[in-house]
Amino acid sequence: MENDWPSTVDEAVTQLIASLTEEEKDVFCKLRKSDVGYSCHFDLSLWVRNSFGFYQGNDALIEECAKLDGNCYTNRNGEKYFFTDPDDASAMIVMAAWKRLRSQQKITD
C-alpha cells in the first residue's frame, strides 16, 4: 500500500497547515513561542507523529529533522548518521508550521 507521507519538513508543514481549519490556524498562530511545544505535544504533535508515519517507517522525514537540528553522531566504525526521536521531530515540524502561519499572517513577536 502506497503512503503519502511527506519526506521533507517543508512538505510536512504544508500538509499540517492544510489539515487545520481557519479557526484552528487562528488559535495556533496566536500561541506564544514558548507555549507552542508544550501546548501542542499531546494533540498537534501527536497528530504529526501518527499521520506522517513516524512509527511506521517514515525514516526520511525523521532523518531530515535530525539533519536540520544538527543531531549528527558517529558509530564505532567512524560512520556518521543522523538521529532524532519522533517527539523531537514532530515538535520541530509543529514549530515550523507555527512560524510559517505567523509569517503568512504578518504576526510579529
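Residues numbered from 1 in each chain as written. Predicted model: local features only at pLDDT ≥ 70, side-chain atom pairs only at ≥ 80, totals over all residues. Heavy atoms only, no water.

What follows concerns the pattern of salt bridges. Using the criterion set out here, one finds six salt bridges in the structure. Residue Asp87 pairs with Arg49 through a salt bridge whose shortest N-O separation is 3.3 Å. Here Asp87, found in helix α6 (residues 86-104), pairs with Arg49, found in helix α4 (residues 44-51); they are 38 residues apart in sequence, far enough to count as distant. The exposure class of Asp87 is partly exposed, given its relative accessible area of 31%. (Salt bridge = Lys/Arg side-chain N within 4 Å of Asp/Glu carboxyl O. Helix = DSSP H or I, 4+ residues; strand = E, 2+ residues; numbered from the N terminus. Buried < 20%, exposed > 50% of the residue type's maximum accessible area, 1.4 Å probe, protein only.)

A word on helix α1 (residues 9-19). Within the sequence span of α1, burial applies to Val9, Ala12, Val13, Leu16 and Ile17. Looking straight down α1, one finds its buried side chains confined to an arc of 125°; they lie on one side. Exposed residues pointing more than 90 degrees away from the buried face of α1 are listed as Asp10 and Ala18. Turning to α1, the residues buried within the fold contact α2 (22-29), α4, α5 (59-69) and α6. (Arc of directions from axis to C-beta. Contact = heavy atoms within 4.5 Å.)

Phe28, Phe54, Leu61, Ile93 and Val94 are the most contacted members of the largest nonpolar core, which totals 24 residues. Counting residues per element, the ones that place at least two in this core are α1, α2, α3 (33-40), α4, α5 and α6. Those residues in contact with Leu61 that sit more than four places away from it in its chain are Pro6, Ser7, Thr8, Val9, Ala12, Phe52, Phe54 and Ile93. (Core = buried A, V, L, I, M, F, W, Y, C linked by side-chain atoms within 4.5 Å.)

Per-residue pLDDT for the protein chain has a mean of 87; in total, 95% of the residues score no lower than 70. Mean pLDDT across the secondary structure elements of the protein chain bottoms out at strand β2 (residues 80-82), with 69, and peaks at α1, with 96. (pLDDT = per-residue confidence, 0-100.)

What follows deals with the packing of α1 against α4. At a minimum axis distance of 12 Å, the contact between α1 and α4 shows a crossing angle of 120°. With respect to α4, the axis of α1 lies oblique. The handedness of the crossing between α1 and α4 is right-handed. When α1 is examined against α4, the residues Gln15, Leu16 and Ser19 are found in contact with a partner set consisting of Leu44, Trp47 and Val48. Grouping the amino acids of the contact of α1 with α4 by side-chain chemistry returns four nonpolar, two polar and no charged. (Axes fitted to C-alpha atoms, helices over the stretch in contact; angles between N-to-C directions. Parallel < 35°, antiparallel > 145°, perpendicular 65-115°, else oblique. Left-handed = near helix turned anticlockwise from the far one by under 90°. Nonpolar A, V, L, I, M, F, W, Y, C, P; charged D, E, K, R; others polar.)

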